[in-house]
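# Architecture and fold: a report
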2 protein chains.
Amino acid sequence: MNIKDIGGEFALIKKITQQITDKSIITPIGDDCAVLQYNKDEYLLFTTDMLLEDIHFNFQWFTVEQIGKKAIEVNVSDILAKGGKPKYCVISLGLPENISVELVEELYKGIYKTAEKYNCSIVGGDTNKSEKLIINIAMLGTVKKEKLCLRSGAKTGDLLCLSGYIGSSAAALAILKNKKEQELAAELSRIKNYFTEPTAEIRGEEIAEFATAMIDISDGLASEVHHLCSMSCVGAIIYADKIPIFKEVIDIASSLGNNPLDYALYGGEDFALLFTIPKESLDNLNNIFVIGEIVDKEEEIIIIKDGKKERLENKGYDHFE
Amino acid sequence: MNIKDIGGEFALIKKITQQITDKSIITPIGDDCAVLQYNKDEYLLFTTDMLLEDIHFNFQWFTVEQIGKKAIEVNVSDILAKGGKPKYCVISLGLPENISVELVEELYKGIYKTAEKYNCSIVGGDTNKSEKLIINIAMLGTVKKEKLCLRSGAKTGDLLCLSGYIGSSAAALAILKNKKEQELAAELSRIKNYFTEPTAEIRGEEIAEFATAMIDISDGLASEVHHLCSMSCVGAIIYADKIPIFKEVIDIASSLGNNPLDYALYGGEDFALLFTIPKESLDNLNNIFVIGEIVDKEEEIIIIKDGKKERLENKGYDHFE
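Quick caveat: nothing in here was measured; it's all calculated off a predicted structure.

## Comments concerning the overall build of chain A
Assigned secondary structure in chain A consists of 9 helices and 12 strands. At 19 Å, chain A has a C-alpha radius of gyration in line with the 20 Å of a compact globule built from 321 residues. With the principal axes as the frame, chain A shows a C-alpha extent of 55 × 55 × 45 Å. With 321 residues in all, chain A has 55% of them scored as buried. Sequence-distant contacts, at least 24 apart, represent 83% of the contacts inside chain A between residues at least 6 apart.

## So, the packing of helix α2 (residues 64-80) of chain A against helix α3 (residues 101-117) of chain A
Residues and elements named next belong to chain A. Packing of α2 against α3 leaves a shortest axis separation of 7 Å and a crossing angle of 40°. Judged by the twist between their axes, the crossing of α2 over α3 is right-handed. Contacts between α2 and α3 involve Val 64, Glu 65, Gln 66, Ile 67, Gly 68, Lys 69, Ala 71, Ile 72 and Glu 73 on the former and, on the latter, Leu 103, Glu 106, Leu 107, Tyr 108, Lys 109, Gly 110, Ile 111, Thr 114 and Ala 115. Along the lines of polarity and charge, the residues of the contact of α2 with α3 split into 9 nonpolar, 4 polar and 5 charged.

## Things to note about unusual backbone geometry
In most cases, non-glycine residues show a negative phi, while peptide bonds are predominantly trans. Residues and elements named next belong to chain A. Residue Phe 271 is not a glycine yet carries a positive backbone phi of 60°. Among the secondary structure elements, Phe 271 is positioned in the loop between α9 (260-266) and β9 (273-277). Owing to 25 C-beta atoms within 10 Å, Phe 271 belongs among the buried residues under this scheme.

## Notes on the pairing of strand β5 (residues 134-144) of chain A
Along any regular strand, the residues point their side chains to alternate faces of the sheet. Residues and elements named next belong to chain A. β5 sits mainly inside the fold: 9 of its 11 residues count as buried. Two elements, strand β2 (residues 42-52) and β5, share 11 bridges in a ladder whose sense is antiparallel. Bridge pairing in β5 places Glu 42 opposite Lys 144. With 9 bridges joining them, strand β3 (residues 85-95) and β5 adopt antiparallel strand pairing. If you follow Lys 85 over to β5, its bridge partner there is Thr 142.

## A closer look at the pairing of strand β4 (residues 121-129) of chain B
All names here are of chain B. Burial analysis of β4 places 9 of its 9 residues in the buried class, the great majority of the element. Alignment of strand β3 (residues 85-95) against β4, held across 8 bridges, turns out to be parallel. Note that in β4 the partner of Ile 91 across the bridge is Gly 125. This β-α-β element, β3 to helix α3 (residues 101-117) to β4, shows right-handed connectivity.

## Quick word on the interface of chain A and chain B
Each partner contributes residues to the interface: chain A has 53 residues there, and chain B has 52 residues. If you list the elements that add at least two residues to the side of chain A that touches chain B, you get α1 (9-16), β1 (34-37), β2, β3, α3, β4 (121-129) and β5 of chain A. The greatest single-element share of the side of chain A that touches chain B, amounting to 8 residues, is contributed by β4 of chain A. Per-class residue counts for the side of chain A that touches chain B are 28 nonpolar, 17 polar and 8 charged.

## A word on the relation of the copies chain A and chain B
When chain A is fitted to chain B, the best match, at an RMSD of 0.0 Å, comes from turning it 180° and sliding it 0.0 Å along the axis. In short, the pair behaves as if placed about a two-fold rotation axis. Using C-alpha coordinates, one finds that chain A approaches the rotation axis most closely at Ala 138 of chain A, a distance of 3.1 Å. Comparing contact sets, 98% of the residues at the interface of chain A also lie at the interface in chain B, consistent with an isologous, same-surface contact.

## Description of the sheet that holds strand β9 (residues 273-277) of chain B
Remark on secondary structure: sheet strands pair via backbone hydrogen bonds, oriented parallel or antiparallel. All names here are of chain B. On the basis of which strands lie adjacent, the open sheet formed by 7 strands has the order β7-β9-β6-β10-β8-β11-β12 and mixed pairing. The open sheet terminates on both sides in strands that have one partner only, identified here as β7 (213-216) and β12 (308-311). Adjacent strand axes in the sheet meet at a mean angle of 25° when their direction is disregarded. Here helix α7 (residues 221-232) sits on the sheet in contact with β7, β8 (234-239), β9 and β11 (301-305), set at roughly 150° to β8.

## Looking at the nonpolar core
If you look at the biggest cluster of nonpolar residues, it comprises 205 residues, and the most contacted ones within it are Phe 46 of chain A together with Phe 46 of chain B. Excluding anything up to four places from it in sequence, Phe 46 of chain B contacts Tyr 88, Val 90, Val 123, Gly 124 and Leu 140 of chain A together with Cys 33, Ala 34, Leu 36 and Leu 140 of chain B.

## Let's talk about helix α7 (residues 221-232) of chain A
Residue and element names in this part refer to chain A. Over its 12 residues, α7 runs 16 Å from end to end, which matches the ideal 16 Å to within 8%, given 1.5 Å per residue. When you tally the buried positions in α7, you get 10 out of 12 residues, the bulk of the element. In the core, the buried residues of α7 are packed alongside β7 (213-216), β8 (234-239), α9, β9 and β11 (301-305).

## A look at the domain arrangement of chain A
Residue and element names in this part refer to chain A. Assigned domains within chain A: domain 1 (9-147) and domain 2 (159-311). A separation of 23 Å is found between the C-alpha centroids of domain 1 and domain 2. Contacts between the two partners involve 17 residues from domain 1 and, on the opposite side, 19 residues from domain 2. Sorting elements by how many residues they give to the side of domain 1 that touches domain 2 places α2 first, with 9 residues. For the side of domain 1 that touches domain 2, the per-class residue count stands at 6 nonpolar, 4 polar and 7 charged.

## As for the environment of Gly 84 of chain B
Residues and elements named next belong to chain B. Structurally, the position occupied by Gly 84 is in the loop between α2 (64-80) and β3. Look at Gly 84 and you get buried, because 30 C-beta atoms sit within 10 Å. Considering only alpha carbons, one finds Gly 84 and Lys 144, 60 residues apart in sequence, at a separation of 7.1 Å. Beyond its immediate stretch of four places on either side in the chain, Gly 84 contacts Leu 45, Ile 79, Gly 141, Thr 142 and Val 143.

## Quick look at the sheet that holds β4 of chain A
All names here are of chain A. Pairing in this open sheet of 5 strands is mixed, and the strands run β1-β2-β5-β3-β4 from one edge to the other. The outermost strands of the open sheet, each flanked by one partner alone, are β1 and β4. Across the sheet, the mean angle from the axis of one strand to that of its neighbour is 20°, orientation sign disregarded. Its contacts with the sheet put α2 on β2, β3 and β5, and the angle it makes with β2 is roughly 145°.

## Some thoughts on helix α4 (residues 168-177) of chain B
Residue and element names in this part refer to chain B. Across the 10 residues of α4, 7 count as buried, placing the element largely inside the fold. Residues of α4 that are buried include every one of Ser 168, Ser 169, Ala 170, Ala 171, Ala 172, Ala 174 and Ile 175, and no others. Elements that come into contact with the buried residues of α4 comprise α5 (185-196), α8 (247-256) and α9 (260-266). Among the residues trailing α4, Lys 179 stands out with phi positive, at a value near 50°.

Cut-offs applied
Counting from 1, residues in each chain are numbered in the order their sequence is written. Chain letters start at A and ligand numbers start at 1, both assigned in the order the entries are written. Selection of residues for local features in this predicted model requires a pLDDT of at least 70, selection of side-chain atom pairs for listing and counting requires 80 or more, and totals for whole chains, interfaces and linings are taken over all residues. Numbered from the N terminus, helices here are DSSP runs of H or I no shorter than four residues, and strands are runs of E no shorter than two. The globule rule used for comparison is 2.2 Å times the number of residues to the exponent 0.38, while the radius of gyration itself is calculated over C-alpha atoms. The exposure label follows from counting other C-beta atoms within 10 Å of a residue's C-beta, where the C-beta atoms are placed from the backbone and the thresholds are 20 or more for buried and 12 or fewer for exposed, leaving partly exposed in between. Placing a C-beta atom from the backbone of each residue, one calls two residues in contact when those atoms lie within 7 Å. Lines fitted to C-alpha atoms define the axes here, with helix axes fitted over just the stretch in contact, and angles between the N-to-C directions of these axes take values from 0 to 180 degrees. Should the near helix be turned anticlockwise from the far one by less than a right angle, the crossing is termed left-handed; should it be turned clockwise, right-handed. As a working rule, the residues Ala, Val, Leu, Ile, Met, Phe, Trp, Tyr, Cys and Pro are called nonpolar, Asp, Glu, Lys and Arg charged, and the rest polar, with Gly in that last group. Only when DSSP finds a minimum of two bridges between them are two strands counted as paired. Seen with its strands pointing away from the viewer, a crossover is right-handed when the path leading from the first strand over the helix to the second is clockwise. Here the copies are matched by least squares. The fit uses the C-alpha atoms of residues with pLDDT of at least 70 in both. For this analysis, nonpolar core means a set of buried Ala, Val, Leu, Ile, Met, Phe, Trp, Tyr and Cys residues linked through C-beta atoms within 7 Å. To estimate the expected span of a helix, subtract one from its residue number and multiply by 1.5 Å. How far each domain reaches was decided by an automatic or database domain assignment.

Here it is in structure tokens:
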């Protein structure tokens with residue numbers, strides 16, 4: 001039986017996850033980070049992300065420095081999504097035999113610059129020979145106990161919010177995949193950075209002060225809403241016309257004959273934060289987008305498009321689809 | 001310029017390592033684990049190791065369960081080498097698209113069984129599609145402050161010791177690489193496990209009580225002695241005839257026209273512990289092998305073979321050689 005047959009990556013993770021009995025572990029597998037006992041005031045956050053050549057990046061669309069940056073940002077995003085701060089990381093590299101020292105230095109320039117931006121110290125690593133470039137980062141962060149924001153705290157009546165525009169990364173990828181760089185040069189130039197230099201949402205800690213649940217959007221809005229609702233045992237209603245999508249992204253979708261909503265719902269690598277807040281907390285946060293609300297689980301996850309209700313499919317960027 | 005030209009993996013690591021200023025970091029990059037502030041009595045240990053198909057294992061010589069076991073053992077070995085105990089880990093996988101769910105379950109069986117043996121909880125991970133199988137584990141452990149044993153504490157006059165026999169893994173690999181499985185079947189059957197199911201030295205914490213410096217042998221004795229001496233600013237004299245090598249390994253080397261000492265010095269993946277202890281502590285430890293002694297740095301690292309002194313080359317298993 002292959003992974004696709006049992007329902008893809010998330011079904012696989014569910015199948016291989018075992019019961020955890022250690023009481024110093026605050027959350028089991030299934031959130032953005034593991035949450036571990038640390039000290040009187042803080043928890044320790046532990047996460048890992050692997051970037052693979054030709055899966056998460058290539059040398060055609062990314063500079064080597066951008067690859068290094070991205071490797072740090074994707075891990076930082078997991079830490080910020082829990083209301084935490086990055087602190088330490090270790091880096092495992094698989095380097096092609098003939099890669100030049102200059103390219104490795106470029107890669108590290110991206111890694112160090114980005115780690116420094118977040119005050120995250122690189123404390124170790126492992127270097128190996130591989131056919132293609134592989135970068136795995138494991139990161140530790142800390143979170144004040146009262147700020148910890150899991151996927152599991154959303155309550156009926158909470159507002160469902162996004163910290164920023166989504167779908168941009170998927171739109172840039174669509175242009176590149178369709179080889180329309182020439183025709184859509186102006187649009188691409190305005191959004192390409194969302195794909196090649198994604199940045200984590202630095203307001204994670206600020207948002208966590210008010211949010212009841214939070215997750216970062218790495219595999220598209222649809223699958224992240226499903227993760228959040230499933231962990232919180234609630235349902236959600238999303239208003240399609242409230243989802244923040246740049247005009248350029250809409251233009252690109254139109255030029256390519258795509259639906260821009262598909263980029264937002266099923267594209268990935270946006271790294272905005274999806275979170276829920278009680279209605280009365282809304283005034284405490286600026287520059288956020290309310291895209292729906294949390295309802296009882298019975299109602300499942302509904303998206304309202306052009307006045308019509310639809311069940312939102314639990315589909316996202318799955319490596320095994 | 002490629003990595004080989006600047007002197008391989010360790011020269012590269014030196015080149016890309018930056019100064020660390022965070023005071024909660026007890027050791028800089030360059031030990032088996034990063035050592036971090038944790039609580040009043042303990043430090044936190046943080047390490048990572050990547051295993052790659054056709055570099056560290058293949059499906060011809062290893063069962064999938066053995067690959068999972070090895071991925072945990074290599075990380076545990078780093079923690080034990082500092083006198084610590086494994087506690088948590090996160091696992092990143094790169095899985096070939098058509099790998100069967102049964103094989104992934106076998107892999108996880110090896111991972112879970114081994115993690116459980118060491119009371120190490122798997123608290124998270126990341127799953128990706130890749131061309132070949134990739135397993136990266138990042139592990140956290142704890143060590144009692146008074147037990148912490150770095151690479152850097154060896155003193156002139158200390159004895160240089162090994163916790164077990166070495167060279168067995170390299171000998172098994174030599175048979176397999178030379179396709180002599182038939183001719184050397186009996187010898188191979190007795191030592192194959194050292195290659196396919198290496199285990200970390202569980203006496204790490206016990207040894208750390210007396211050791212002044214410690215390192216695990218993952219890239220061969222020669223390069224590990226160099227690491228330990230360089231971090232401790234000392235030299236060493238090694239007596240070749242004191243290095244514990246199994247009779248089977250000597251027989252295999254003889255059959256293949258190799259020098260068994262080369263397996264021990266320059267082979268890898270043994271996971272015995274190399275450590276230094278003051279002479280007066282020797283009686284506190286059983287079943288260890290004294291292979292030499294620590295001398296002033298000026299004398300460098302010398303090996304005495306058949307009564308003759310030789311400088312021991314700083315050469316080990318380097319992925320870029």
